[in-house]
Amino acid sequence: MPNHLLHETSPYLLQHAHNPVDWFPWGAQAIDKAKKEDKPIFLSIGYAAGHWCHVMAHESFEDSKTADLLNSHFVSIKVDREERPDLDSLYMSATVALTGSGGWPMSVFLTPDLQPFYAGTYFPPVRRYSMPSFREVLEALATIWQKEREKAVSSAAQLVAHIHQQQTPISRGQVVLGPQQLDQAVETLRRTTDLKSGGWGSAPKFPQPMTIEFLLQRHCAGNPQALEPAVHALHSMARGGLYDVVGGGFARYSTDNFWRVPHFEKMLYDNAQLARAYLHAWQVTGQTAFHRVVTETLDFVAREM
């Protein structure tokens, strides 16, 4: 029995049209239903090429027991982030504010007036990766909504206020960053770089082209400490499995700390930013390896994207 996504045009939404979950597209019908039935909204945002979007769909959204929980206690809305980047950006801000990170599928729980009170990304069908199962999350949130709703409403109000505060533009004339603060940032990045494998952070390990661009700019501005961590990260990524030495271009992230095992998904925006970073590194250092990566990456984008 198809759900309310059957007549959508998005390929991603159509992939979910025959789930047992009673999905709605974003719109007045779903929002009015949530208000009328006094139910929270489960908002799932993803895209057709997302690996973990497909994993969670198979594990949870195709599962009848999970669907029963969603259909009984929530109004479920499915959004294609490539069709609605405005909603994706808005609720990604909430997800990052609540969890410290983001990704897809994005799983956001809203009050009927669309204020987020809980969020996450992928949830497994059983407890693993130090994460609760998706059904445990649904059961807990359903109980909170029924018995401790003021907590959810209060959390949503605080979160919305926090996001508004973060988005408030800085008044003109206020000095935010000077050379001292920028050099302190360089020192922090130099101190926290992965000395063995390059880059920053741990698995899942993402390339950070804007961080590298910042370091290259500070090098050009005269900071002698800024170049080495940038160059080390660029070489490490290009030599590891993150970079496709056959077809060109970079995967979205590495599943290990050493850039060896990529997440097999290439994003246009990642490759655009990384091509710029490698181009600027070649201009700064003259190293031919960087020129080769730029050429192969742009060839991949032109050919495949």
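Residues numbered from 1 in each chain as written. Predicted model: local features only at pLDDT ≥ 70, side-chain atom pairs only at ≥ 80, totals over all residues. Heavy atoms only, no water.

Digging into the packing of helix 11 (residues 268–285) against helix 12 (residues 288–304)
Any two packed helices are characterised by how steeply their axes cross, that is the angle between the axes, and by the distance between the axes.
Argument step 1. Between helix 11 and helix 12, the least distance of the axes is 8 Å, while the angle of their chain directions is 155°. Between helix 11 and helix 12, the interaxial angle falls into the category roughly antiparallel. Taken as a pair, helix 11 and helix 12 cross one another with a handedness that is left-handed. Only Phe-290, His-291, Val-293, Val-294, Thr-297, Leu-298, Phe-300 and Val-301 of helix 12 make contact with helix 11, whose side of the interface consists of Leu-268, Asn-271, Ala-275, Tyr-278, Leu-279, Ala-281, Trp-282 and Thr-285.
Argument step 2. Grouping the constituent residues of the contact of helix 11 with helix 12 by class yields 12 nonpolar, four polar and no charged. (Axes fitted to C-alpha atoms, helices over the stretch in contact; angles between N-to-C directions. Helix = DSSP H or I, 4+ residues; strand = E, 2+ residues; numbered from the N terminus. Parallel < 35°, antiparallel > 145°, perpendicular 65-115°, else oblique. Left-handed = near helix turned anticlockwise from the far one by under 90°. Contact = heavy atoms within 4.5 Å. Nonpolar A, V, L, I, M, F, W, Y, C, P; charged D, E, K, R; others polar.)

Some points on the layout of surface pockets
Argument step 1. Its volume calculated, the largest pocket comes out at about 1,100 Å³.
Argument step 2. In terms of lining residues, the largest pocket is bounded by 34 residues, among which Gly-102, Gly-103, Pro-204, Phe-206 and Tyr-253 are the most central.
Argument step 3. Elements with a minimum of two residues in the lining of the largest pocket: helix 3 (51–61), helix 5 (85–99), strand 5 (116–120), helix 9 (209–220) and helix 11.
Argument step 4. Along the lines of polarity and charge, the residues of the lining of the largest pocket split into 19 nonpolar, 13 polar and two charged.
Argument step 5. Empty space within the second largest pocket amounts to approximately 150 Å³.
Argument step 6. Listing elements by their share of the lining of the second largest pocket, those giving two or more residues are helix 5 and helix 7 (149–167).
Argument step 7. If one sorts the elements of the lining of the second largest pocket by residue count, helix 7 sits on top with four residues.
Argument step 8. When its residues are assigned to classes, the lining of the second largest pocket shows seven nonpolar, three polar and no charged. (1 Å grid on protein atoms, 1.4 Å probe; cavity = no way out; pocket = protein on both sides within 12 Å on 5 of 7 lines; lining within 4 Å. Points joined across faces, edges and corners; volume = space filled by probe spheres on them.)

With respect to the side chain of Ser-133
Argument step 1. Mapped onto the elements, Ser-133 comes out in the loop between strand 5 and helix 6 (134–147).
Argument step 2. The class for Ser-133 is buried, based on a relative accessible area of 6%.
Argument step 3. The residues contacting Ser-133, other than those within four sequence positions of it, are Pro-124, Pro-125, Val-126 and Arg-127. (Buried < 20%, exposed > 50% of the residue type's maximum accessible area, 1.4 Å probe, protein only.)

A few points about the pattern of salt bridges
Argument step 1. Considering all chains together, one arrives at 16 salt bridges under this definition.
Argument step 2. For Asp-38, the salt bridge identified is with Arg-149, shortest N-O distance 2.8 Å. Placement of the pair is Asp-38 in the loop between helix 2 (28–37) and strand 2 (41–46) and Arg-149 in helix 7, with a sequence separation of 111 residues.
Argument step 3. Of the charged contacts in the structure, one is a salt bridge between Asp-86 and Arg-84, with a shortest N-O distance of 2.8 Å.
Argument step 4. Among the residues examined, Arg-84 registers a relative accessible area of 28% and is labelled partly exposed. (Salt bridge = Lys/Arg side-chain N within 4 Å of Asp/Glu carboxyl O.)

Thoughts on the sheet that holds strand 5
The strands that make up a sheet pair up through hydrogen bonds in the backbone, lying either parallel or antiparallel.
Argument step 1. Taken in spatial order, the five strands of this open sheet run 1-3-2-4-5, and their pairing is mixed. Because the sheet does not close on itself, it has two edges, and the strands there are strand 1 (24–25) and strand 5.
Argument step 2. Across the sheet, helix 5 lies against strand 2, strand 3 (75–80), strand 4 (106–110) and strand 5, angled at about 80° from strand 5, the strand it touches most. (Pairing = 2+ DSSP bridges.)

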